[in-house]
Amino acid sequence: MKRAATALAALLLLAWPTILVAQVGAGTGGAARLAQEQRLAHNWRRVLMIGAHPDDEDTGLLTVLARGEGMATAYLSLTRGDGGQNLVGPELGPALGVLRTDELLAARHIDGGQQFFTRAYDFGFSKTSEESLRFWNRDSLLKDMVRVIRRFRPQVVISVFTGTPADGHGHHQVAGILTPEAYHAAGDPARFPELKTEEGLDPWQPAKLYRLARGGGGGATLSFDAGVIDPAVGLSLHQIAVESRSQHRSQNQGALETLGPSVTGVRLVERVPSITGNDDSLFAGIPVEAPPAPDAHAAEAALIRAGVVLDATTDDDEVAPGQVLPVTLTLWNTGRTPVTVRARVVAHVGFALDLGFAFASGGCGGGTTTSTVAPGQLYTCRATATVEPHALPTSPYYLAKPLDGAMFRWSGPSSWWGEPTAPPLSAQFVVTTADGVASQADREIVGRFLDPVIGEVRRPVLIVPTVSVAVQPDRFIWPRNERTHTFHVSLENLARDSSELAVGLRVPAGWNAGVAQHVTLTREEERAELAVPVTAPLNVKAGDYQFTAFAVRGADTLSTSIYRIRYPQIQNRNIASAATAGIVVADVTFPAVGTIGYVRGGGDRVPEALTDAGLSVKVLTGDALERGPLAGFKVMVIGPRAYEFDASLVRAQPRLMRWLHDGGTLLVQYQQTPYVRGGFAPAPLVIGQPTQNRVTDETAPVTFVAPNSQALRWPNVIGPADFDGWIQERGLDFPSSWDAVWAPILETHDAGDIDRQGGLLVAHVGTGIAIYTGLSFHRELPAAVPGAWRLFANLLGLGQAPPAAGHRE
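Treat the numbers as computed from the prediction; the structure is a model and nothing was measured. (Residues numbered from 1 in each chain as written. Predicted model: local features only at pLDDT ≥ 70, side-chain atom pairs only at ≥ 80, totals over all residues. Heavy atoms only, no water.)

Draft legend 1. Focus on the overall build of the protein. Per the secondary structure count, the protein includes 17 helices and 43 strands. The C-alpha atoms of the protein give 29 Å as radius of gyration, which agrees with the globular expectation for 809 residues (28 Å, within 12%). Principal-axis analysis of the C-alpha atoms gives the protein an extent of 95 × 70 × 55 Å. The proportion of buried residues among the 809 residues of the protein is 55%. (Helix = DSSP H or I, 4+ residues; strand = E, 2+ residues; numbered from the N terminus. Rg over C-alpha atoms; globule rule 2.2 N^0.38 Å. Buried < 20%, exposed > 50% of the residue type's maximum accessible area, 1.4 Å probe, protein only.)

Draft legend 2. The packing of helix α2 (residues 30-40) against helix α10 (residues 296-306), seen in detail. Between α2 and α10, whose axes approach to 8 Å, the crossing angle comes to 145 degrees. Regarding α2 and α10, the two cross each other, and that crossing is left-handed. Of the residues in α10, those in contact with Gly-30, Arg-33, Leu-34, Glu-37, Gln-38 and Leu-40 of α2 are His-297, Glu-300, Ala-301, Ile-304 and Arg-305. For the contact of α2 with α10, the class distribution of residues is four nonpolar, three polar and four charged. (Axes fitted to C-alpha atoms, helices over the stretch in contact; angles between N-to-C directions. Left-handed = near helix turned anticlockwise from the far one by under 90°. Contact = heavy atoms within 4.5 Å. Nonpolar A, V, L, I, M, F, W, Y, C, P; charged D, E, K, R; others polar.)

Draft legend 3. Structural detail: the packing of α2 against helix α3 (residues 59-68). Interhelical geometry of α2 versus α3 gives an angle of 90 degrees and a closest axis separation of 9 Å. As the angle between them shows, α2 and α3 are arranged roughly perpendicular. Every residue of α3 that contacts α2 at Gln-36, Arg-39 and Leu-40 is listed here: Ala-66, Arg-67 and Gly-68. Across the contact of α2 with α3, the residue classes tally to two nonpolar, two polar and two charged. (Parallel < 35°, antiparallel > 145°, perpendicular 65-115°, else oblique.)

Draft legend 4. Summary view of the pairing of strand β23 (residues 475-479). Along β23, four of the five residues are buried, which leaves the element largely enclosed by surrounding structure. Relative to strand β32 (residues 580-586), β23 runs parallel, the two being bridged by five bridges. Across the sheet, Ile-477 pairs through a bridge with Val-584, a residue of β32. (Pairing = 2+ DSSP bridges.)

Draft legend 5. Inspection of the environment of Lys-541 at higher detail. Summarising the element assignment, Lys-541 is placed in the loop between β27 (527-535) and β28 (543-553). Spatially, the C-alpha atoms of Lys-541 and Thr-118 are 41 Å apart, while their sequence positions differ by 423 residues. Sequence-distant contacts of Lys-541, defined by excluding residues within four places in its chain, comprise Arg-480 and Val-585.

Draft legend 6. Region of interest: the sheet that holds β27. On the basis of which strands lie adjacent, the open sheet formed by three strands has the order β22-β24-β27 and antiparallel pairing. Each end of this open sheet is capped by a strand with a single partner; those strands are β22 (467-472) and β27. Neighbour-to-neighbour, the strand axes of this sheet turn through a mean angle of 20 degrees, independent of strand direction. Pairing of strand β24 (residues 484-493) with β27 involves nine bridges; the strand directions are antiparallel. Bridge pairing in β27 places His-488 opposite Ala-531.

Draft legend 7. Summary view of the confidence of the model for the protein. Looking at the protein, the pLDDT average stands at 90 and 93% of residues meet or exceed 70. A low-confidence stretch, residues 1-23 stays under pLDDT 50, and its non-local contacts, those more than four residues away or across chains, total 47 contacts. Residue range residues 348-362 is modelled with pLDDT below 50. Its contacts to residues more than four positions away, or to other chains, number 46 contacts. (pLDDT = per-residue confidence, 0-100.)

Draft legend 8. Highlighting the environment of Arg-480. By the secondary structure assignment, Arg-480 is in the loop between β23 and β24. For the pair Arg-480 and Val-585, spaced 105 residues apart in sequence, the C-alpha to C-alpha distance is 5.6 Å. Filtering out sequence-adjacent residues up to four positions away, Arg-480 remains in contact with Val-540, Lys-541, Ala-542, Val-585, Ala-586 and Asp-587.

Draft legend 9. Fine view of the pattern of salt bridges. On inspection of all chains with the given rule, the structure shows 40 salt bridges. Ionic pairing is found between Asp-750 and Lys-127, a salt bridge with its closest N-O pair at 3.0 Å. Taken together, the residues Asp-750 in the loop between β41 (746-748) and β42 (760-765) and Lys-127 in the loop between β3 (114-117) and α5 (129-135) connect sequence positions 623 residues apart. Assessed through its relative accessible area of 6%, Asp-750 is described here as buried. (Salt bridge = Lys/Arg side-chain N within 4 Å of Asp/Glu carboxyl O.)

Draft legend 10. Inspection of α3 at higher detail. Among the ten residues in α3, nine count as buried, and that is most of the element. Those residues of α3 that fall on the buried side of the exposure criterion are Thr-59, Gly-60, Leu-61, Leu-62, Thr-63, Val-64, Leu-65, Ala-66 and Arg-67. For α3, the N-terminal capping position is held by Asp-58, with its side-chain oxygen 3.0 Å away from the main-chain nitrogen of Gly-60. Gly-70 lies just past α3 and shows a positive phi near 70 degrees. (Polar contact = N/O pair within 3.5 Å; in protein donor to acceptor, adjacent residues only side chain to side chain.)

Draft legend 11. Summary view of the sheet that holds strand β9 (residues 263-271). Read from one edge to the other, the open sheet built from seven strands follows the order β3-β2-β1-β4-β5-β9-β6, with strand pairing classed as mixed. Lying at the two open borders of the sheet, with one neighbouring strand each, are β3 and β6 (222-225). When strand polarity is set aside, the average angle formed by the axes of neighbouring strands in this sheet is 25 degrees. Pairing of strand β1 (residues 46-51) with strand β4 (residues 156-159) involves four bridges; the strand directions are parallel. Within β4, the residue paired with Ile-50 across the bridge is Ser-159. Contacting β2 (72-77) and β3, helix α4 (residues 94-111) runs over the sheet at an angle of about 155 degrees to β3.

Draft legend 12. Local environment of the packing of aromatic side chains. Going through the model one piece at a time under the given rule, you end up with 25 aromatic pairs. Seen from their ring centres, Phe-590 and Trp-789 are 5.9 Å apart, and the 80 degrees between their planes marks the pair as edge-to-face. On the criterion of sequence distance, the pair formed by Phe-590 in the loop between β32 and β33 (596-599) and Trp-789 in helix α17 (residues 786-796) is long-range, its members being 199 residues apart. Ring plane angle 55 degrees and centroid distance 5.1 Å describe the contact between Tyr-643 and Tyr-675, whose orientation is recorded as tilted. Of the two residues, Tyr-643 is situated in helix α13 (residues 642-645) and Tyr-675 in helix α15 (residues 673-677); the sequence distance between them amounts to 32 residues. The pair formed by Tyr-643 and Tyr-675 is uniform in burial state, with each residue classed as buried. Through a chain of ring-to-ring contacts, three or more aromatic side chains come together here, namely Tyr-121, Tyr-397, Tyr-398, Phe-408, Trp-410, Trp-416 and Trp-417. In this structure, Arg-45 packs its charged tip against the face of Phe-283, placed 5.9 Å from the ring centre. (Phe/Tyr/Trp six-rings, centres within 6.5 Å; stacked < 30°, edge-to-face > 60°. Lys NZ or Arg CZ within 6 Å of the ring centre and 35° of its normal.)

Given below as structure tokens:
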């Protein structure tokens, strides 16, 4: 509670002012916000930092430059971190990228920077730049970087990485290689001329290129101390930077806000020939130029000094096609002199009337009516926004189209491309103070609600379908010897009126899903779930099939699912997708192991995948793990990195080891060094450096070290074909060495790497069997990769003797 209150207080004190949505009412932001706005007002200095992922940025340097020096700063991340792990929730892949995008925005709100991206999709860990550029189109990536430079127009570019193997991750190396190229190409009219003709972006040549000097500024030509107090907030710049870094919660990046000096540095790589002399500051030798117009920071500072509070609210946050949305625009003059105001609701570029909000010409005078507001008075005007009948749901613009390999295919206006999100529904105020200065300020229009426990709650306005339709399981392994499986179609009425629906599943020819079922939803947010049994054809062939859930409402057939991403530190986000289920029919046999005990790990959807496949699973937490009976379980599975954040698992470890010793089968999925450091492995093993002890090539050859092992023989006979179709990687956090009690089962390695036999280890412990695997079952099983399922089924059955041979590993 105390930590949450501290974080919220920091956000309120430090948040970027242009569009702020938090669970608090409107205000000026006070002295802290005024101090920062005045630092940035009339500023001409702009610095762009370029890295590969969320969390690559140097938040200390960004904070020093933005909050300490009043420079306009931005961080360009090549990717949105889609291929990483998630230690706060179930999101992986594109959904994780959405979460990490907003974690970056939360960080930038605190350290004072802006945020940009390229089209690069994070396809997972890569060991070399050559491998990364086989997935990414180099020219497209470079063009995206040039686009951001020409749009932001920095005089100084700072590369996080060197472009050499010393950077480690192949994505890092690519960022280091392409940053100098983008630095030069941005100013060359012959490079990407279409950015000028199609997007209006003139060539722009930054004056200097620097590279971060890691390790406290060692090797730096310029050093910066973040260990100085920002008098407006009473915290050091380093403390603010750590608060920024701690927003990367899905990556376990929380850190202590230490006191004292904190030095970071950069090294000069290159500068344009016109700059000569000593390089004793980032902008030494760079001519002063006129600040960009309009100056949003000067406008905000003027409003704060005048005591003007602006607000834009409505009564709903998820709005359906056809819905009329009442909007209230408010100005409170808390100052001592009158002000005048014009206000209007704004349709941002790309919000065409057939795709988004249509705005009434009345209400607030359409921004043309000027009103005078006396000191102490409240100005309020009301308008309406009508959602077009065929409006598309609000969803990240970069997810609107399927991936092109490992590159996003952007949609919408080019002004969105490279931005974190599409612009929100907003209001524009033009306020003229007593000195005759007119200031323009935008405010996002937010849904405003009363929570009896929390108080005021504000949320962004998102378009949703009239009825959300979802089907579970949405990706499913169908054993070929099964005839029938029950799917569940979930419905949520998001319209304010009732919905009469005919609901069903469309299935391929030869399959049978019965007839449509009828349901009535009478109020907004009412939900229903229908069971739909599906029967496969006789002798169904192995392969991929697709089912589509639908709900007919009048003349409309609805088949859109809404996935909500909700965390307290970020904005509410929705991902819209087709309500489809991917079915993979395969020859998979499961051993009879009873109910499987499962301890969930980070970003772990394996329990749901096992349940969908027809296995009985009980997820164990808290008391059930620490004090509940374990004897009824033949098999227990530990999720990826569960030992890092499940304290009950750590406390339950002694009784878990007794259960294992007494005949249980314990399957531990990949862990990291805390697992070894804590002595949690049933027998000694060492997990090496994460960047090395992994196999990133999902097509890497696999050889069998123990071909007669039961793990490869029963109940499914495993062969080379079972390693076809794996996604993202073979595995990670393979042990580099282990006690002789562990027996390696297979070997796989990336091209040019050493043999790695630590991906699957089996050991007898007492009368039980322990399994440690770094193979990426947490990705393969939810993705319904047949061979991974067949191998995992065998691991579940290692504690049983095969019916015929009685053979055990």
